[in-house]
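Remarks on the overall topology
The primary structure of each chain is shown beneath.
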Amino acid sequence: MENFTPISALAGGILIGIAVTLLLLFNGRIAGVSGILFGTAFPRSGDWLWRFLFVIGLVAGAAAYHHFVPDSFSPRSGYPVALLTSGGMLVGFGTRMGGGCTSGHGICGISRFSPRSVIATGVFMVCGAITVYLVRHVAGIG
């Protein structure tokens, strides 16, 4: 854990908590990013603008952080494009199959004491740990 930064992690967690609370308070919506993104791509009547602004805010926030703290992160290289593409497609499939993503279940669902979200988040974490083990230690990638 050579890159552990508790202050920035705590600040990020607080900002995420404030953002999801405000979205729920003022819009009555859960901040599940996969559902919001899906609703932006396949909109229903009168339900597109807030989703679009939410996605733009995610991208703009990351761009602003990278602009003001340019050495904060660097993209990883050396991963096969086919592996990244198939991983992204599996994540998309899993979010549809699981009825939400880590943000919807892990942040919003657990905070609402949803048993379904607690179980889903546990499954996400276990599958993530298994995937990291397989990719790094069995396949030797990364």
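Everything below is about the structure shown above.
This report concerns the structure included in the present document. A quick note: this is a predicted structure, and the numbers were derived from the prediction, not measured.

Calculation criteria
Residues numbered from 1 in each chain as written. Predicted model: local features only at pLDDT ≥ 70, side-chain atom pairs only at ≥ 80, totals over all residues. Heavy atoms only, no water. Helix = DSSP H or I, 4+ residues; strand = E, 2+ residues; numbered from the N terminus. Polar contact = N/O pair within 3.5 Å; in protein donor to acceptor, adjacent residues only side chain to side chain. Phe/Tyr/Trp six-rings, centres within 6.5 Å; stacked < 30°, edge-to-face > 60°. Buried < 20%, exposed > 50% of the residue type's maximum accessible area, 1.4 Å probe, protein only. Lys NZ or Arg CZ within 6 Å of the ring centre and 35° of its normal. Axes fitted to C-alpha atoms, helices over the stretch in contact; angles between N-to-C directions. Parallel < 35°, antiparallel > 145°, perpendicular 65-115°, else oblique. Left-handed = near helix turned anticlockwise from the far one by under 90°. Contact = heavy atoms within 4.5 Å.

**Side note on the side chain of Asp47**
- Within the secondary structure, Asp47 sits in the loop between helix H2 (33–41) and helix H3 (49–68).
- A distance of 2.8 Å separates polar atoms of two side chains, one belonging to Asp47 and the other to Arg51.

**Description of the packing of aromatic side chains**
- Across all of its chains, the model carries two aromatic pairs by this definition.
- With a centroid separation of 4.7 Å and 15° between ring planes, the pair formed by Trp48 and Phe52 is classed as stacked.
- Looking at Phe52, the relative accessible area reads 32%, which means it is partly exposed.
- Just above the ring of Phe38 sits the side chain of Arg96; from NZ or CZ to the centre is 4.0 Å.

**A closer look at the packing of helix H5 (residues 102–111) against helix H6 (residues 115–138)**
- Their axes nearest at 9 Å, the elements H5 and H6 cross at an angle of 135°. Taken together, the axes of H5 and H6 lie oblique to each other. The interaxial crossing formed by H5 with H6 has left-handed handedness. Contacts from Thr102, His105, Gly106, Gly109 and Ile110 in H5 reach Arg116, Ser117, Val118, Ala120, Thr121 and Phe124 in H6.

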